[in-house]
Amino acid sequence: MKVYILYGSATGNAEHMAKDLAASYQTALQSSPSTAYFPSVTCCPLNDYKKKCLDVWSAPPASPAAKHGVLFLCSTTGNADAPENADRFVRWLKRKSTEPTRPFRHCAYAVLGLGDSNYDVFCAVGKLIDRKVGELGGTRARSVACADEATGLEEVVEPWVTGVLDDLARVCGGGLGATDSASTTSASASAAAEEDSSAAEEKKMDDEPRPISTQTPIPTTPSSEGVATLRKHLGLAPQDPLPAVPHSCLPAMTSHLSSCEFVRDDDDDHDDDIANGATRSDRPRENSVEDHLTETSGSSGCHFTLTRPYESRILNARYLTKGTGAECARNVCEMMMMSTTTTTEKTKHWNDAACSDEEEEATAERDRLLLRAMEMYDRHFPLAAPSNNDADGSNDNDERQQRLQYVKNGKRVIEMTLALPDDFTLEYEPGDSVGLLVPNAPHATRFVLDMLRAHHGILPTQKIVLDG
């Protein structure tokens with residue numbers, strides 16, 4: 001009987017741990033095969049359970065008291081979501097049709113969950129797997145272990161990795177499971193409490209989240225100009241649906257991966273052209289950003305590109321990290337919204353009068369507001385004690401709590417809901433990439449330019465293309 005090590009990983013931590021554990025056991029197996037209980041090991045993503053594991057798990061072992069050994073290592077991502085390489089397995093566990101088959105009745109298992117206690121829900125997927133596998137007939141070799149990235153994963157991971165295979169081999173050979181021994185009443189009570197907690201967190205995973213809006217939603221029209229124009233050309237009434245277009249009729253999507261390179265205006269190859277009167281704008285720009293675009297095409301024939309992106313709006317936003325208040329975010333949004341309203345009214349007058357100076361002043365004012373917003377966030381979520389802060393009157397416990405708060409402030413996670421086009425100008429399929437272009441704060445831009453000049457000799461006047 002082989003041991004199965006399955007992982008669900010979003011950032012690679014759980015995958016690396018699973019593969020390291022499998023490699024270590026394989027090495028020990030080769031050096032001393034007589035002392036190893038499991039003759040082989042299989043390591044794979046959780047979503048490969050059906051084609052690599054399920055048939056073996058469902059078959060009874062040769063010995064009536066023996067069991068198949070299974071280890072689960074899975075992280076929790078987003079707001080209590082399963083990683084992409086584990087989502088099908090989690091859905092299968094929760095499916096009502098899975099329960100009657102009891103697919104783990106011949107298995108002993110242990111679960112290592114990875115999470116971050118800064119989030120409202122901690123290790124939800126790992127706890128869910130531990131509970132559901134037990135309900136589906138599995139024998140728990142160890143209580144679920146939850147590693148916290150906020151305090152250091154190694155505090156839980158290293159002890160678990162060191163002894164979990166020995167515990168699993170003992171139970172697979174006919175020994176008692178983690179909750180079967182009568183002498184471990186307190187451990188059983190702890191496991192029961194853990195199951196109650198995981199059940200509550202599973203419900204939270206299934207419930208529709210109630211976002212705390214930190215920005216007043218901007219009113220939107222039920223249809224865009226693109227839809228109205230299309231209906232007019234097709235002779236459709238406002239209430240008629242738009243006709244569907246087969247995918248075979250759409251232009252093929254293109255992709256490009258470029259490296260970092262300079263776009264030089266003083267190329268030696270073009271000196272003669274300049275001498276003959278050609279301007280820099282007349283010369284071909286083979287490395288320009290416009291030449292390296294990934295286009296997303298829709299049935300309306302519109303394209304969203306790097307030079308002409310879709311201008312989305314933030315519909316809702318909320319903090320996912322535990323204990324993070326939204327008061328500062330609301331104050332910043334109110335300040336920015338008031339400024340946007342005032343600027344919009346002024347812009348109407350400026351456009352009519354073609355006052356470029358006033359437009360530049362509006363841009364400078366917007367930059368000042370961004371800096372002010374950053375200062376508000378820095379004051380509300382400090383990352384370190386002020387330089388003039390004295391330790392007088394504070395004890396070690398207070399200082400420790402302050403340091404923990406500074407660390408949490410630096411790990412704030414925000415979930416945002418962005419608007420998408422409502423006129424079929426954006427179509428995508430699984431596997432397509434979507435990029436976000438986020439404006440940079442002025443002081444951040446200046447900082448990057450200064451660093452490039454100081455450490456790499458790149459002047460602010462030089463043009464470069466990064467991942468165009």
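This text goes with the structure placed above it.
Residues numbered from 1 in each chain as written. Predicted model: local features only at pLDDT ≥ 70, side-chain atom pairs only at ≥ 80, totals over all residues. Heavy atoms only, no water.

J.: I'm lost on unusual backbone geometry in this one. Help?
T.: Glycine aside, residues mostly have negative phi, and peptide bonds are mostly found in the trans state. In this structure, Arg102 takes a positive phi of about 45 degrees despite not being glycine. Here Arg102 is to be found in the loop between α4 (87-94) and β4 (107-115). For Arg102, a relative accessible area of 38% gives the class partly exposed. Of note, Cys123 is a non-glycine position whose phi angle comes to about 50 degrees, a positive value. Position of Cys123 relative to the elements: it lies in the loop between β4 and α5 (124-135). Residue class for Cys123 comes out buried when judged on its relative accessible area of 1%. (Helix = DSSP H or I, 4+ residues; strand = E, 2+ residues; numbered from the N terminus. Buried < 20%, exposed > 50% of the residue type's maximum accessible area, 1.4 Å probe, protein only.)

J.: Where do I start with α4 in this structure?
T.: Each turn of an α-helix holds 3.6 residues, which means side chains three or four residues apart point in the same direction. For α4, every residue scored as buried is listed here: Phe89, Val90, Trp92 and Leu93. Down the axis, α4 shows its buried residues gathered within 160 degrees of arc, on one side only. Of the surrounding elements, those touching the buried residues of α4 are α2 (49-52), α3 (54-58), β3 (68-75) and α5. (Arc of directions from axis to C-beta. Contact = heavy atoms within 4.5 Å.)

J.: Can you walk me through the packing of α4 against α5 in this structure?
T.: Geometrically, a packed helix pair is captured by the angle between its two axes and the distance between the axes. In the contact formed by α4 and α5, the axes pass within 10 Å of each other and the chain directions differ by 40 degrees. Between α4 and α5, the interaxial angle falls into the category oblique. Of the two elements, α4 crosses α5, and the hand of that crossing is left-handed. Judged by residue contacts, Phe89, Val90, Leu93 and Lys94 of α4 engage Val125, Leu128, Ile129, Lys132 and Val133 from α5. Of the residues assigned to the contact of α4 with α5, the class counts are 7 nonpolar, no polar and 2 charged. (Axes fitted to C-alpha atoms, helices over the stretch in contact; angles between N-to-C directions. Parallel < 35°, antiparallel > 145°, perpendicular 65-115°, else oblique. Left-handed = near helix turned anticlockwise from the far one by under 90°. Nonpolar A, V, L, I, M, F, W, Y, C, P; charged D, E, K, R; others polar.)

J.: Is there a simple way to explain the side chain of Asn85 in this structure?
T.: Relative to the helices and strands, Asn85 is located in the loop between β3 and α4. At 3.0 Å, the side chain of Asn85 and the backbone nitrogen of Ser9 are in polar contact. (Polar contact = N/O pair within 3.5 Å; in protein donor to acceptor, adjacent residues only side chain to side chain.)

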